[in-house]
Amino acid sequence: MNEPLVAAIAAVAALAGIAIGFMARRLLAARGSQRAEQHAERLVVDARAKQKEIVLEAKDEALRLRRAAEDEAREARATLQRSETRLQDREEALDRKIAALEEREAALTQRQGDLETMRADLRELQQRQIGELERVSGLSASEARESLIRELVDEAHAEAQQRVRDIERHALEEGDTRARRILTTVMQRIAADHTSETTVTVVHLPNDEMKGRIIGREGRNIRALEQATGVDLIIDDTPEAVVLSGFDPVRREIARMALTKLISDGRIHPGRIEETVAKARSEIEVIMRQAGEQAAYDAGVPGLHPELIKLLGRLKYRTSYGQNVLDHCIETARLAAMLAAEIGASIGESKKGGLLHDIGKAVDHEVEGPHAAIGADIAARFGVNRVVSNAIAAHHQEVEQESVEATVVQIADAISASRPGARGENLDNYVKRLDDLQQIALSFPGVERCFAIQAGREIRILVRPEDIDDIASSRLARDVVKKIEEQLQYPGQIKVTVIRETRAVDYAR
């Protein structure tokens, strides 16, 4: 083929290809445009549906908010209405108060006017009185005032001088009064009971036949018992009783204990007697040691030497004027402690001196000399300090007192010995004083019964309520007190209590 034809065919083919491609592109473009329009239509439809939903939701929200706003507004209106009601009530109450205040103010104004009138009248009356007094007395008001002032000054000077004299007298008597008050307080705080003891002991027998067995054949049993104990046995016509007599209470107690055991055992012969007395002596030693330990504990004096404890225990069976010496020592220690506390002395040394002050009486029948000196030597030998040993030696003023504690022990010993009911020699006087105290109360009319109690420190008087009323009861108490002060002598003070009671009794049947 020739080249021009080929070129022509190629050109035609190229033109045909271009035309076909252009047609294909237009066809594809038309289809794409159609799809785009369909998609756009769908988007528009969806947008319109979404718009309707949004509008509906907005309407619902707007409706809800409107209702909420209406509810809040309604609640606010109700609250405001209540506040207005309360304010109105308060305003009405305030109006009423203001009206009442105005009425009171008017009344006060009227009263003030009346008071002013009364004051004016009173001033006028005072002026007339002053004029009348000046006329009667012949003195002016200034002269009368000066005269009154002079009288008051003179009276004040006289009272001041009297007060100065009272103060001086009180200063002189203060020491004595304070000492008496301290002693009275201490004595009233001690109320121990003491029983009177003698130099004989009675042992009761089960029957009179036992007397013969105690005497024994030809008196050998009684001789053996007296020889072993150092105590005299008195067997007389007293039914069912044997009397033990001896000046040493320890021996007497050993004899009593041994005889009691022999009677209980029934075997009474010299050998058995010696064995029983030995056992009784051992038991008494234990009892005395325990009594000494208990005394030291009761008095609050620890750390004593065992020998001092043993000697203290021996005082359990020693009496002085009917007063048990161990009880007296314990009481003296307590009194000394109270006195020392009151005046600022050493309480410990005072207690120890009071407890040991009569310890010499435990051996005074074995050692020559006064019991105070014996006791001081014993105490010093067993480690007691100088202050306490001097208090023991000086409690009867046989040697010079070297400390305040020695004086305290002496005073406590005197209080314990002289306290009512403490010693046998004062017992009769003590009982007589109680009887006199009751007789004074019974001497008044209307008194039914009376009782002296608290060791004579108090008397209780029961009166008949139909004869004495309440006022007369107070008068009776004063009259009894006055009569006691006039007729009796007594330590401390006596409390008088008048009791008047009315009883109503009935029975349920």
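Turning next to the overall build of the protein chain. Counting secondary structure elements, the protein chain contains 14 helices and 8 strands. Buried residues in the protein chain amount to 29% of all 509 residues. Total accessible area on the protein chain stands at roughly 34,000 Å², and carbon and sulfur atoms take up 53% of it.

Moving on, we come to the confidence of the model for the protein chain. Looking at the protein chain, the pLDDT average stands at 81 and 88% of residues meet or exceed 70. Every residue in residues 191-197 scores below 50 in pLDDT, and together they form 15 contacts with partners more than four places removed in sequence or on other chains.

Turning to the sheet that holds strand S8 (residues 495-499), a few remarks are in order. Hydrogen bonding along the main chain pairs the strands of a sheet, whether they run parallel or antiparallel. Spatially, S6-S7-S8 is the arrangement adopted by the 3 strands of the open sheet, whose pairing is mixed. Two strands lie at the open edges of the sheet, namely strand S6 (447-453) and S8, each paired on one side alone. For this sheet the average axis-to-axis angle between neighbouring strands, irrespective of direction, equals 15°. Examined bridge by bridge, S6 and strand S7 (residues 458-463) share 6 bridges and lie antiparallel to one another. Bridged to Phe 451 within S7 is Arg 460. This element, helix H14 (residues 470-487), spans S6, S7 and S8 of the sheet and lies at about 150° to S8.

This part covers the packing of aromatic side chains. In the structure shown here, the tally under the stated rule is 0 aromatic pairs. The ring centre of Tyr 317 lies 6.0 Å from the NZ or CZ of Lys 316, which sits over that ring.

With that out of the way, let us pick up helix H5 (residues 249-265). Because an α-helix completes one turn every 3.6 residues, residues spaced three or four positions apart along the sequence face the same direction. For H5, which comprises 17 residues, the first-to-last C-alpha distance of 24 Å matches the rise-based estimate of 24 Å (1.5 Å per residue) to within 8%. Every buried residue of H5 is listed here: Pro 249, Val 250, Arg 252, Glu 253, Ile 254, Ala 255, Met 257, Ala 258, Leu 259, Leu 262 and Ile 263. Looking one or two places after H5, you find Gly 266, whose phi comes out positive at around 90°.

What follows deals with unusual backbone geometry. One non-glycine residue with positive phi stands out, namely Glu 218, at about 55°. On the secondary structure map, Glu 218 appears in the loop between helix H3 (209-215) and helix H4 (220-229). Its identity is not glycine, yet Gln 397 carries a phi of approximately 60°, on the positive side. Exposure remark for Gln 397: the relative accessible area of 56% places this residue in the exposed category.

Where helix H9 (residues 347-356) meets helix H11 (residues 386-393), the axes come as close as 9 Å, and the angle between the chain directions of the two elements is 40°. Of the possible angle classes, the one that applies to H9 and H11 is oblique. Read as a crossing pair, H9 and H11 show a hand that is right-handed. Contact with H9, carried on its side by Glu 349, Lys 352, Gly 353 and Leu 356, involves Val 387, Val 388 and Ile 392 of H11 and no other residues of that element. Taken together, the residues of the contact of H9 with H11 sort by class into 4 nonpolar, 1 polar and 2 charged.

Let us now look at the nonpolar core. The biggest cluster of nonpolar side chains holds 29 residues, and the ones touching the most others in it are Leu 304, Leu 308, Leu 312, Leu 315, Leu 326, Leu 355 and Leu 356. At the level of elements, helix H6 (270-299), helix H7 (306-314), helix H8 (325-343), H9, helix H10 (371-381) and H11 are the ones that each hand at least two residues to this core. Broken down by element, the residue count for this core peaks at 5 residues, all from H8. Each residue touching Leu 312, except ones within four places of it in the same chain, is listed here: Gly 292, Leu 304, Leu 326, Leu 355, Leu 356 and Ile 359. Residues Leu 233, Ile 254, Leu 262 and Tyr 317 belong to the second largest nonpolar core, which totals 26 residues.

Before going further, it helps to spend a moment on a negative patch on the surface. Together, Asp 89, Glu 91, Glu 92 and Asp 95 make up a negatively charged patch on the protein surface. Tracing the backbone through its elements, the reader meets Asp 95 in helix H1 (residues 3-137).

Let us look at the pattern of salt bridges. Under the counting rule described, the total for this entry stands at 18 salt bridges. Close ionic contact of Arg 74 with Asp 71 constitutes a salt bridge, the shortest N to O distance being 2.3 Å. With Arg 74 and Asp 71 both in helix H1 and 3 residues apart, the pair spans about one turn of that helix. Lys 261 is paired through a salt bridge with Glu 283; the nearest N and O atoms lie 2.4 Å apart. On the criterion of sequence distance, the pair formed by Lys 261 in helix H5 and Glu 283 in helix H6 is long-range, its members being 22 residues apart. On the accessibility criterion, Glu 283 (34% relative accessible area) is partly exposed. Within this structure, Asp 265, Arg 267, Arg 272, Glu 275 and Lys 279 form a network of salt bridges that share partners.

Each value, and the rule that gives it
- Residues numbered from 1 in each chain as written.
- Predicted model: local features only at pLDDT ≥ 70, side-chain atom pairs only at ≥ 80, totals over all residues.
- Heavy atoms only, no water.
- Helix = DSSP H or I, 4+ residues; strand = E, 2+ residues; numbered from the N terminus.
- Buried < 20%, exposed > 50% of the residue type's maximum accessible area, 1.4 Å probe, protein only.
- Areas by Shrake-Rupley, 256 points an atom, 1.4 Å probe, with all protein chains shown as cover.
- pLDDT = per-residue confidence, 0-100.
- Contact = heavy atoms within 4.5 Å.
- Pairing = 2+ DSSP bridges.
- Axes fitted to C-alpha atoms, helices over the stretch in contact; angles between N-to-C directions.
- Phe/Tyr/Trp six-rings, centres within 6.5 Å; stacked < 30°, edge-to-face > 60°.
- Lys NZ or Arg CZ within 6 Å of the ring centre and 35° of its normal.
- Expected span 1.5 Å × (residues − 1).
- Parallel < 35°, antiparallel > 145°, perpendicular 65-115°, else oblique.
- Left-handed = near helix turned anticlockwise from the far one by under 90°.
- Nonpolar A, V, L, I, M, F, W, Y, C, P; charged D, E, K, R; others polar.
- Core = buried A, V, L, I, M, F, W, Y, C linked by side-chain atoms within 4.5 Å.
- Patch = residues over 30% accessible without salt bridge, like charges linked within 9 Å, V, L, I, M, F, W, Y side chains within 5 Å.
- Salt bridge = Lys/Arg side-chain N within 4 Å of Asp/Glu carboxyl O.
- Lys, Arg positive; Asp, Glu negative; His and termini not counted.
- Charge placed at Lys NZ, Arg CZ, Asp CG, Glu CD.

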